[in-house]
Amino acid sequence: MDYNKSAKEILELVGGEVNIQHVIHCMTRLRFNLHDNSKVDRKRLEKVEGVMGTNISGDQFQIIIGNDVPKVYNAILGNSSIKADSQGKKSGKKKNVINAIFDVISGVFTPILPAIAGAGMIKGLLAAALAFGWLSDKSQIYIILNAIGDGAFYFLPILLAVSAARKFGSNVYVAATIAAALLHPTLTALLSAGKPVEFLGLPVTAVTYSSTVIPILLAIWIAAYVEKWVDRIIPSMFKLILVPTLTIVIVVPVTLIAVGPLGSFIGNWLSLGVGALFDHAGIVAGLILGGTWSLIIMTGMHYAFLPIAMNNLATKGYDVIMPSMFMANMGQAGATFGVSLRSKNKSFKSLAMTTSITAVMGITEPAMYGVNMRLKKPFIAGLIGGAVGGAYYSAVGVKYFILGGSAGLPGIPSFIGETFVLAILGFPIAFAAGAIAAFIMGFEDVESEEETDSSVTDEKAPDNHSDLVVAAEQVYSPIKGEVKPLTEVNDSTFSSGIMGKGFAIQPEEGKVVSPVAGKITTIFKTKHAIGITSDNGAEILIHVGIDTVKLNGKHFTSHVKDGDFVEMGDTLVTFDIHAIKAEGFDLITPVIITNPDRYQSINPVKEGKINSREAFMALLV
């Protein structure tokens, strides 16, 4: 895989670097916050080498890459001016409150997941070493390794503070200082002494901040506003010293007096609520969570469960939520395995088998997006497998003791404890349920290349977008004017090639004629843009001017409507070229082939001055 080539194509197809507010990556996905998701060419993105699929979660646009995502991410940084973890410019779009919360949780947790996963794996392996008697908990080796594994969790508020500050756009070192103050051993000893504590006459509630999540997230959220407020009122010459000083001295006491207790209360309440659900609903709770976890992951809502799981581990020593994620992954892995058993397409059978193995290891995106969701029914079968596994886990009371690595075989050490054997049995149960469901439900198999080639030769298979067979043809000029390359169009949607390939014309008269014989597929209400499908299958967009949509049809007259059949040279639209120019609009007109992947090449026939109805572009198949 050429990472640089893929990175450049991704940058282009997400609307260019100017459309990117922020980009990070998790274990399998690039996660973009874009100014405008509508500028993304998802169809072409999903054909880029290494891209397994795309997904939109809230306001976040996600590109599924798989295990190579760090290399693609680094290539994106290397081929752009984007900085690692840069926030970019804020979009003017208002967010739905729920989406905004999930976006914050996702944006804060994603960067620190590698640290948590690595530390969790060390803790899991240490637990295994103790269980099998390979190490004593009194040995120096164990003590040192335990400190290495436990450090990320004990000082989790500091990691979260840094990540949250980047997300909220505040100073990361000030945020880290706030978290460090809350974890200071002197303060910890004071709060745990069992005596009343006050600050300036106000009571301070005894809260243990190590390993907590919600208190520090709330604290850094407040700190971002305090820092901006202080920055506005402090004279420039004093900002360097007074802004951080006042931010810290305001936020830490406010956290100790109000935010910390509130955050702790919320975390404990959520944990108790989920615990009560599993205590009283039992099998039903596990069945529902296991059966919907794959859907939850797709929406990004799984990050909302992380604070609850972490609070459970910190207060109870175990968690019952995260095990359902393992079962969901095993269900999807089993469904993909079922596809590999039933598919007749050799290459797709191999893909299904490979992605099934990957899913068993905890990386499910290739299986979900590359196989199961593509065939639809197997994805449902995967949900069934997860539901069966989740119900089993709830029935036998499986517990999860360490927030470790991926939710697959490498994460097994996280279950080491009283229910370890029962947890291991759940893996084949969910896998088998998913595989059997996929095999029984069946699916519409993917055609092999030989079948596709045969159908094209013998039956002239239809184009994906129409009932027409795409053939080589010549496109004629729809406007009299001067031919320009698309790169001269002052709109990245066209100049970057997102919409397709073609050329532009600088009009000399206000008349658009049909460049081909075919059918009008779209005539915009604003009359500034026309879509045509030629009799030979070319899909053509003629877009008169830049931002002329703002005229709302003023100065334009349409002579056709959707569904009309036209001959080459028929008048489509007329417009008042002088009036539009007088209102300050650029009338350069892109003429785009929007299905360029159907052609080997799209070449200009004439450059410079051109008349309408004169040969303009040659499309070769």
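Because the structure is predicted, anything quoted here is derived from the model rather than measured. (Residues numbered from 1 in each chain as written. Predicted model: local features only at pLDDT ≥ 70, side-chain atom pairs only at ≥ 80, totals over all residues. Heavy atoms only, no water.)

Engineer: Whenever I open this one, helix α1 (residues 3-13) confuses me. Can you help?
Structural biologist: Structurally, the α-helix is built with 3.6 residues per turn, so residues lying three or four positions apart point the same way. Listed in full, the buried residues belonging to α1 are Ser6, Ala7, Ile10, Leu11 and Leu13. For α1, the elements touching its buried residues are β1 (20-25), β2 (29-34), α2 (42-45), β4 (60-64) and α3 (69-78). N-capping of α1 is provided by aspartate 2, with a side-chain oxygen placed 3.3 Å from the backbone N of asparagine 4. Directly after α1, the chain includes glycine 15, whose backbone phi takes a positive value near 105°. (Buried < 20%, exposed > 50% of the residue type's maximum accessible area, 1.4 Å probe, protein only. Helix = DSSP H or I, 4+ residues; strand = E, 2+ residues; numbered from the N terminus. Contact = heavy atoms within 4.5 Å. Polar contact = N/O pair within 3.5 Å; in protein donor to acceptor, adjacent residues only side chain to side chain.)

Engineer: Help me understand the packing of aromatic side chains, please; the structure alone is not making it clear to me.
Structural biologist: Aromatic ring pairs are reported here in terms of the distance separating the ring centres and the angle at which the planes meet. Under the criterion given, the structure shown has 12 aromatic pairs. When the centroid spacing of 4.8 Å and the interplanar angle of 75° are considered together, the rings of tyrosine 154 and phenylalanine 155 count as edge-to-face. These aromatic residues form a ring-pair network of at least three members: Phe326, Tyr392, Tyr393, Tyr400, Phe415 and Phe427. In this structure, lysine 399 is placed above the aromatic ring of tyrosine 318, and the distance from its NZ or CZ to the ring centre is 4.3 Å. (Phe/Tyr/Trp six-rings, centres within 6.5 Å; stacked < 30°, edge-to-face > 60°. Lys NZ or Arg CZ within 6 Å of the ring centre and 35° of its normal.)

Engineer: Any chance you could explain the nonpolar core here in plain terms?
Structural biologist: Note that soluble globular proteins tend to have their nonpolar side chains buried in a common cluster. Among the nonpolar cores identified, the biggest contains 40 residues, and Ile216, Ile220 and Leu256 are the most heavily contacted of them. Elements with a contribution of two residues or more to this core: α4 (97-131), α5 (140-154), α6 (156-168), α7 (172-183), α8 (185-191), α9 (214-233) and α10 (239-281). A total of eight residues in this core trace back to one element, the largest contributor, which is α9. Excluding anything up to four places from it in sequence, leucine 256 contacts Leu182, Leu187, Leu191, Val204, Thr205, Tyr209 and Pro261. With 34 residues, the next largest nonpolar core counts Val512, Ile542, Val573 and Ile602 among its residues. (Core = buried A, V, L, I, M, F, W, Y, C linked by side-chain atoms within 4.5 Å.)

Engineer: Would you explain the layout of surface pockets in this entry?
Structural biologist: Using a probe with the size of a water molecule, rolled over the atoms, empty space left in the structure can be pinpointed. Looking at the second largest pocket, its volume works out to about 720 Å³. What lines the second largest pocket is a set of 32 residues, among which Phe494, Met499, Phe524, Leu541 and Thr594 lie closest to the centre. Elements with a minimum of two residues in the lining of the second largest pocket: α2, α19 (492-495), β11 (518-523), β12 (529-534) and β13 (539-543). (1 Å grid on protein atoms, 1.4 Å probe; cavity = no way out; pocket = protein on both sides within 12 Å on 5 of 7 lines; lining within 4 Å. Points joined across faces, edges and corners; volume = space filled by probe spheres on them.)

Engineer: Help me understand the sheet that holds strand β18 (residues 601-604), please; the structure alone is not making it clear to me.
Structural biologist: Backbone hydrogen bonds are what pair the strands of a sheet, in a parallel or an antiparallel way. Pairing is antiparallel in the open sheet, where three strands are placed in the order β7-β20-β18. A single partner strand is all that each edge strand has here, and the edge strands are β7 (473-476) and β18. Pairs of neighbouring strands in the sheet enclose a mean axial angle of 25°, with direction left out of account. Here β7 pairs with strand β20 (residues 615-620) via four bridges, running antiparallel. Residue pairing across strands places tyrosine 476 opposite alanine 615, the latter belonging to β20. (Pairing = 2+ DSSP bridges. Axes fitted to C-alpha atoms, helices over the stretch in contact; angles between N-to-C directions.)

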